[in-house]
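Survey of secondary and tertiary structure
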Amino acid sequence: MLRHNAWRGVLVGATMAALTVVGSGAANAAGAQATAACHVDGYVCMTVNDVYEPTVYVAEGDSYTFLRASEVTTISNDTSVMYCFSGDFNFSVDAGETLEVPRTVTELVPTAGRCLS
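Predicted model only: the values in this text are computed from it and were never measured.

Structural notes on the state of the cysteines
Throughout the structure, instances matching the rule amount to 2 disulfides. Each disulfide pairs two cysteine sulfurs, and for Cys84 the partner residue is Cys115, the sulfurs being separated by 1.8 Å. Across the disulfide from Cys84 to Cys115, rotation about the S-S bond amounts to roughly -90°, and the bridge is consequently left-handed. Highlighted residues: Cys84 in strand E4 (residues 82–87) and Cys115 in the segment after strand E7 (103–111), separated in sequence by 31 residues.

Section: the nonpolar core
One finds Val44, Met46, Ile75 and Phe85 to be the most contacted residues of the largest nonpolar core, which totals 15 residues. At the level of secondary structure, the elements contributing two or more residues to this core comprise strand E1 (43–48), strand E2 (55–59), strand E3 (64–77), E4, strand E5 (91–93) and E7.

Some points on the confidence of the model for the protein chain
Keep in mind that low pLDDT regions are not for reading the predicted coordinates in detail. Of all residues in the protein chain, 68% attain a pLDDT of 70 or more, and the chain-wide mean is 81. Looking across the protein chain, the model is least confident in helix H1 (residues 2–35), with a mean pLDDT of 52, and most confident in E2, with 97. For the stretch residues 24–34, pLDDT sits under 50, and the model shows 2 contacts to residues farther than four places along the chain or on other chains.

Some remarks on the pairing of E7
Bridging between E3 and E7 involves 5 bridges; their strand directions are antiparallel. Its bridge partner being in E7, Glu71 is matched across the sheet by Thr104. One ladder, built from 6 bridges, connects E4 with E7; its direction is antiparallel. Residue pairing for E7: Cys84 is matched across the bridge by Val109.

What counts as what
- Residues numbered from 1 in each chain as written.
- Predicted model: local features only at pLDDT ≥ 70, side-chain atom pairs only at ≥ 80, totals over all residues.
- Heavy atoms only, no water.
- Disulfide = S-S within 2.5 Å.
- Helix = DSSP H or I, 4+ residues; strand = E, 2+ residues; numbered from the N terminus.
- Core = buried A, V, L, I, M, F, W, Y, C linked by side-chain atoms within 4.5 Å.
- Buried < 20%, exposed > 50% of the residue type's maximum accessible area, 1.4 Å probe, protein only.
- pLDDT = per-residue confidence, 0-100.
- Contact = heavy atoms within 4.5 Å.
- Pairing = 2+ DSSP bridges.

Below you can see the structure in the form of structure tokens.
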């Protein structure tokens with residue numbers, strides 16, 4: 001009986017160690033993905049918390065409207081134009097600026113002037 005319990009302890013310990021390694025690797029990968037901004041010259045690139053459309057690219061000068069309000073976690077404006085964003089509140093992202101703060105967004109439009117706040 002002692003041998004059976006000893007092997008059980010070894011197997012349980014090995015399984016727990018393997019799960020810890022796999023779990024921490026998955027958590028690190030998910031964390032890295034959540035904070036990594038996308039950059040494509042000539043586009044506004046947005047990382048969205050959406051299974052069906054995790055990354056949205058908008059060509060310089062184009063507008064974009066989400067089908068439903070979406071949580072955007074990063075916005076990289078790699079264009080030469082300022083963009084106005086509408087959603088839970090209005091804000092702007094200047095040309096060349098990257099924003100890494102979650103925001104609920106419904107649409108974005110290019111502007112040559114200022115955005116309504």
